[in-house]
Amino acid sequence: MLSRVRLDEFDASKGLNRGTGKLKEILWYAVKVLFFLSPVPYPSGFKRSLLILFGAKIGKGVIIKPRVNIHFPWKLKVGNHVWIGEEAFLLNFELLTIGDHVCISQRTFLCGGNHDYKIPSMPYRNGPIVLNNGCWVGANVFIGPNVSIGTDTIICAGSTITQSLAENGIYKGNPAVYLKNRW
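Residues numbered from 1 in each chain as written. Predicted model: local features only at pLDDT ≥ 70, side-chain atom pairs only at ≥ 80, totals over all residues. Heavy atoms only, no water.

A few words on the sheet that holds strand E17 (residues 176-181). Within a sheet, each strand pairs with its neighbour through backbone hydrogen bonds, oriented either parallel or antiparallel. Spatially, E2-E5-E8-E11-E14-E16-E17 is the arrangement adopted by the 7 strands of the open sheet, whose pairing is mixed. Where the open sheet ends on each side, the last strands, each with one partner, are strand E2 (63-64) and E17. Judged from the 5 bridges that link them, strand E16 (residues 169-173) and E17 form a sheet pairing that is antiparallel. Within E17, the residue paired with Lys-172 across the bridge is Val-177. (Pairing = 2+ DSSP bridges. Helix = DSSP H or I, 4+ residues; strand = E, 2+ residues; numbered from the N terminus.)

Now for the pattern of salt bridges. In the structure shown here, the tally under the stated rule is 5 salt bridges. For Arg-67, the salt bridge is made with Glu-87, and the minimal N-O distance between the two is 4.0 Å. Here the residue Arg-67 occupies a position in the loop between E2 and strand E3 (69-70), and Glu-87 occupies one in the loop between strand E5 (83-84) and strand E6 (89-91), the gap between them amounting to 20 residues. Salt bridges linked by common partners bring Arg-6, Asp-8 and Glu-9 together as one network. (Salt bridge = Lys/Arg side-chain N within 4 Å of Asp/Glu carboxyl O.)

With respect to the helices and strands, the residue His-71 is situated in the loop between E3 and strand E4 (76-78). Apart from residues lying up to four places away in sequence, His-71 is in contact with Trp-28, Tyr-29, Lys-32, Leu-90, Leu-91, Asn-92 and Phe-93. (Contact = heavy atoms within 4.5 Å.)

Let us look at the state of the cysteines. A complete count under the given rule lists 0 disulfides for this structure. Sulfur of Cys-111: no disulfide; nearest cysteine sulfur belongs to Cys-135 and is 17 Å away. (Disulfide = S-S within 2.5 Å.)

This part covers helix H2 (residues 44-53). Along H2, the residues that are buried comprise Ser-44, Lys-47, Leu-50 and Leu-51. One face of H2 carries all of its buried residues, which in axial projection span an arc of 120°. Of the surrounding elements, those touching the buried residues of H2 are helix H1 (22-36), strand E1 (57-58), E2 and E3. Gly-55 lies just past H2 and shows a positive phi near 105°. (Buried < 20%, exposed > 50% of the residue type's maximum accessible area, 1.4 Å probe, protein only. Arc of directions from axis to C-beta.)

A few words now on unusual backbone geometry. Put simply, Asn-174 and Pro-175 share a cis peptide bond, and its omega is 0°. Tracing the chain through its elements places Pro-175 in the loop between E16 and E17. Non-glycine residue His-101 carries a positive phi angle of around 55°. Structurally, His-101 can be placed in the loop between strand E7 (96-98) and strand E8 (103-104).

Within the open sheet, the 5 strands sit side by side as E3-E6-E9-E12-E15. Their pairing is parallel. Two strands bound the open sheet, and with one partner strand each, they are E3 and strand E15 (160-161).

Moving on, we get to the environment of Trp-83. With respect to the helices and strands, the residue Trp-83 is situated in strand E5. The spatial distance from the C-alpha of Trp-83 to the C-alpha of Tyr-29 is 22 Å, given a sequence separation of 54 residues. Leaving out residues up to four positions away in the same chain, Trp-83 has contacts with Ile-63, Val-102, Cys-103 and Ile-104.

The next point concerns the packing of aromatic side chains. Going through the model one piece at a time under the given rule, you end up with 12 aromatic pairs. With centroids separated by 6.2 Å and ring planes inclined at 50°, the aromatic side chains of Tyr-42 and Phe-46 adopt a geometry described as tilted. Judged by centre distance (5.7 Å) and plane angle (70°), the rings of Tyr-171 and Tyr-178 are edge-to-face. With a relative accessible area of 9%, Tyr-171 lands in the buried category. (Phe/Tyr/Trp six-rings, centres within 6.5 Å; stacked < 30°, edge-to-face > 60°.)

Along the polypeptide, Arg-6 turns up in the segment before H1. Among the residues examined, Arg-6 registers a relative accessible area of 35% and is labelled partly exposed. Linking Arg-6 and Met-122, residues 116 residues apart in sequence, is a C-alpha distance of 7.7 Å. With residues near it in sequence (within four places) discarded, Arg-6 still touches Pro-120 and Ser-121.

So this is what it looks like as C-alpha cells:
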C-alpha cells in the first residue's frame, strides 16, 4: 500500500518565523554548544547574560543547570526565581513565556513545534507555551504547543500535556488527568 505522506514536499521556510537573521542564529548555536549544552556548570548569571545578549527577557534569580537546550533565546521570556533543570529542552519555535517562581525539572521537553499530520507534506503547526507563576513541571514531562499551565499547577514526572491546564491542580499521566488541588 502506498503512503499519502509526501515529506519531499515539506517546505521548512513556511510556517516558521525564525525571528532573526542567519548570522545571529549561527552565533547563538556556537554559544549554546559551548556554554549551555556543556556538562560544565557555568554560573547561571553568566548564562543569563548570554541569553539577554541574544534577545531573551530574563528575570533575576534564574538558575540554569548544565545541558539545557534553548532553541531561540529571542523567543524566550522568563520571570524571576525560575529553576531550569539539567537536560531540559526548550524548543520554542514560538514565544515561550515562563512566569515567576517556576520549576522546570530535569529532561522536561517544552515542544512549541509540531507538524500537521492531516496534510501530506506535514507543514509546521507550531504554537506558544505559557508556564504561569508558581507551577512545577516534573522530570521527563512533555508539553506541546498552544498550551498554558495554570498558576501553582504541578505536573507529575513523566506526564504528557497537550491541552492547557487550570490553576492550582496536580496532574499526572499520559494523557495527563487531574488528581486534586495543590493548595
